[in-house]
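What follows is the residue order along each chain.
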Amino acid sequence: MEQGWNPNTELGCEVKTILRSDRKMKVGKEYQGVLRFDSEGIVEEFNYRDPHYTFIETLPWNMKRNPKVFNGKFISVTRQDDGSLRPNFKPLKQGAGFSIERYAFGVYRELFMALKGLIER
């Protein structure tokens, strides 16, 4: 085993943070996000790397981004971040006795029920 630092360790680097939850990072707090390698400068005078990174905090996994506001047999409807509604088709199951007319009518009924309850007149 080699002595010294792990080869995947940066000894000195500059990190710019873009946070959603705090103005500045807090000691000991874990942040979920994406670390992006922006640039690598080589300081010739000292012959070492001067890497620059950006850390962007993302939404926690337990937050639902587009919650379902209607969940039926044929479709579901989700609300987008901008407040708009989006119908989503569920996987089409084509088995014995499948009828395109019954399927289309089922989609129509569920879409009508969902929109009737979600859109104010």
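Residues numbered from 1 in each chain as written. Predicted model: local features only at pLDDT ≥ 70, side-chain atom pairs only at ≥ 80, totals over all residues. Heavy atoms only, no water.

Observations concerning the overall build of the protein
Line of reasoning, step 1. Helices and strands together make up the secondary structure of the protein, namely 1 helix and 6 strands.
Line of reasoning, step 2. Reading the secondary structure of the protein in the N-to-C direction produces β-β-β-β-β-β-α.
Line of reasoning, step 3. Burial analysis of the protein (121 residues in total) assigns 17% to the buried set.
Line of reasoning, step 4. Excluding contacts between residues fewer than 6 apart, the proportion of contacts in the protein whose partners are at least 24 apart in sequence is 39%.
Line of reasoning, step 5. Accessible area for the protein stands at about 10600 Å²; split by element, carbon and sulfur atoms hold 54% of it. (Helix = DSSP H or I, 4+ residues; strand = E, 2+ residues; numbered from the N terminus. Buried < 20%, exposed > 50% of the residue type's maximum accessible area, 1.4 Å probe, protein only. Contact = heavy atoms within 4.5 Å. Areas by Shrake-Rupley, 256 points an atom, 1.4 Å probe, with all protein chains shown as cover.)

Brief notes about the nonpolar core
Generally speaking, soluble globular proteins have nonpolar side chains that are buried together.
Line of reasoning, step 1. The biggest cluster of nonpolar side chains holds 7 residues, and these are Phe70, Phe74, Ile75, Val77, Tyr103, Val107 and Ala114.
Line of reasoning, step 2. Taken together, the elements giving at least two residues each to this core come down to strand 5 (75–79) and helix 1 (100–118). (Core = buried A, V, L, I, M, F, W, Y, C linked by side-chain atoms within 4.5 Å.)

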